[in-house]
Amino acid sequence: SSSATSISTTRRPIIPSRDASRADVPSVFLELMVKIRKERHELTKDERGALKRCEEQMQSRAVVAGYVTGAGTNTVLQFFPAFKTQRIGRYLAAASFGVTGAFYGARSAARACLERLVTLDDSKLGEYAADIVRKNAPNDPMLAKAPTASAGGFDTVTARAVTGDTMDRDD
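Residues numbered from 1 in each chain as written. Predicted model: local features only at pLDDT ≥ 70, side-chain atom pairs only at ≥ 80, totals over all residues. Heavy atoms only, no water.

**Student:** Quick rundown of helix α5 (residues 110-118)? Include the residues and the values.
**Tutor:** Considered for burial, the residues of α5 that qualify are Ala-110, Arg-111, Cys-113, Leu-114, Leu-117 and Val-118. Taken end-on, α5 shows its buried residues confined to a sector of 160°, consistent with a single buried face. (Buried < 20%, exposed > 50% of the residue type's maximum accessible area, 1.4 Å probe, protein only. Helix = DSSP H or I, 4+ residues; strand = E, 2+ residues; numbered from the N terminus. Arc of directions from axis to C-beta.)

**Student:** Provide a residue-level description of the packing of aromatic side chains, including the pertinent values.
**Tutor:** Tallying each qualifying case throughout the model produces 1 aromatic pair. Considering the side-chain rings of Phe-103 and Tyr-104, the 4.9 Å spacing of their centres and the 80° angle between planes classify their relative orientation as edge-to-face. On the accessibility criterion, Phe-103 (47% relative accessible area) is partly exposed. You can call Tyr-104 exposed: its relative accessible area is 51%. (Phe/Tyr/Trp six-rings, centres within 6.5 Å; stacked < 30°, edge-to-face > 60°.)

**Student:** Account for the state of the cysteines, naming residues and giving values.
**Tutor:** By definition, a disulfide links the sulfur atoms of two cysteines through a covalent bond. One pass over the structure, following the stated rule, counts 1 disulfide. The side chain of Cys-54 participates in a disulfide bridge whose partner is Cys-113; the two sulfur atoms lie 2.0 Å from each other. Its torsion about the S-S bond being 100°, the disulfide of Cys-54 and Cys-113 is classed as right-handed. One end of the pair, Cys-54, is in helix α2 (residues 45-77); the other, Cys-113, is in helix α5, and 59 residues separate them in sequence. (Disulfide = S-S within 2.5 Å.)

**Student:** So what about the nonpolar core? Which residues, and what values?
**Tutor:** Among the nonpolar cores identified, the biggest contains 21 residues, and Val-28, Leu-32, Leu-114, Leu-117, Val-118, Ala-129 and Val-133 are the most heavily contacted of them. For this core, the secondary structure elements donating two or more residues are α1 (25-39), α5 and α6 (124-136). If one sorts the elements of this core by residue count, α6 sits on top with 6 residues. If sequence neighbours within four positions are ignored, Val-133 has contacts with Ala-23, Val-28, Leu-114, Val-118, Pro-138, Asp-140, Met-142 and Leu-143. (Core = buried A, V, L, I, M, F, W, Y, C linked by side-chain atoms within 4.5 Å. Contact = heavy atoms within 4.5 Å.)

**Student:** Residues and numbers for unusual backbone geometry, please.
**Tutor:** Backbone geometry places Arg-40, a non-glycine residue, at a positive phi of 55°. Residue placement: Arg-40 occurs in the loop between α1 and α2. Here the phi dihedral of Asp-122 falls at roughly 50°; this positive angle occurs in a residue that is not glycine. Looking at the element boundaries, Asp-122 is found in the loop between α5 and α6.

**Student:** Could you give me a rundown of the pattern of salt bridges, with the residues and numbers involved?
**Tutor:** For the structure shown, the criterion picks out 7 salt bridges. With a shortest N-O distance of 3.4 Å, Lys-52 and Glu-55 are connected by a salt bridge. Of the two residues, Lys-52 and Glu-55 are both situated in helix α2; the distance of 3 residues between them amounts to about one turn of the helix. Judged by relative accessible area, which is 44%, Lys-52 ranks as partly exposed. You can call Glu-55 partly exposed: its relative accessible area is 37%. (Salt bridge = Lys/Arg side-chain N within 4 Å of Asp/Glu carboxyl O.)

**Student:** Go over a nonpolar patch on the surface with me, naming the residues and quoting the values.
**Tutor:** On the surface, Val-64, Tyr-67 and Val-68 cluster together into a nonpolar patch covering about 340 Å² of accessible area. Residue position: Tyr-67 is located in helix α2. Its relative accessible area of 61% is what places Tyr-67 among the exposed residues. (Patch = residues over 30% accessible without salt bridge, like charges linked within 9 Å, V, L, I, M, F, W, Y side chains within 5 Å. Areas by Shrake-Rupley, 256 points an atom, 1.4 Å probe, with all protein chains shown as cover.)

**Student:** Which residues make up the packing of α2 against α5, and what values do they have?
**Tutor:** The interhelical angle for the contact between α2 and α5, taken along N-to-C directions, is 170°, at an axis separation of 10 Å. In terms of their interaxial angle, α2 and α5 are classed as roughly antiparallel. Contacts from Ala-50, Leu-51, Arg-53, Cys-54, Gln-57 and Met-58 of α2 reach α5 at Ala-110, Ala-112, Cys-113, Arg-116 and Leu-117. (Axes fitted to C-alpha atoms, helices over the stretch in contact; angles between N-to-C directions. Parallel < 35°, antiparallel > 145°, perpendicular 65-115°, else oblique.)

The quantities given are spatial measurements derived from coordinates; they are silent on function.
Below is the structure:
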């Protein structure tokens, strides 16, 4: 039988492999939202301020990236003879690229936003974010900037793990 007609039983992953030393930012934010709701966490003034700056930065990047990609696409397509007479096609292509640019522009701000949350001092939200990042990517460079939970130098996860180990033993 030829290889062209054989059916492969090997499944390919739907999501391409990612750098294991960096947390998947959308997944971290999803887990963070679940944690906040589960714990019924009320945001402090500093936490609200950090999230507001994140929102502003995402909107700003979305507008700039969307405008640049949309306007750039429109300008480049003007040089192609088919699009000189087909303005509607040019505008649709420019709008499509503009929306895509806006999406990726906003997404590019997400990692900086997550890092801002992880580095908040005296913040339960920051602790939650750091814990989730640490669970998903223990070697993520942003964790080096996370504040420590105690004067002894233990971070939040280590302190909880040590406390949990001593409390859960039956010997």
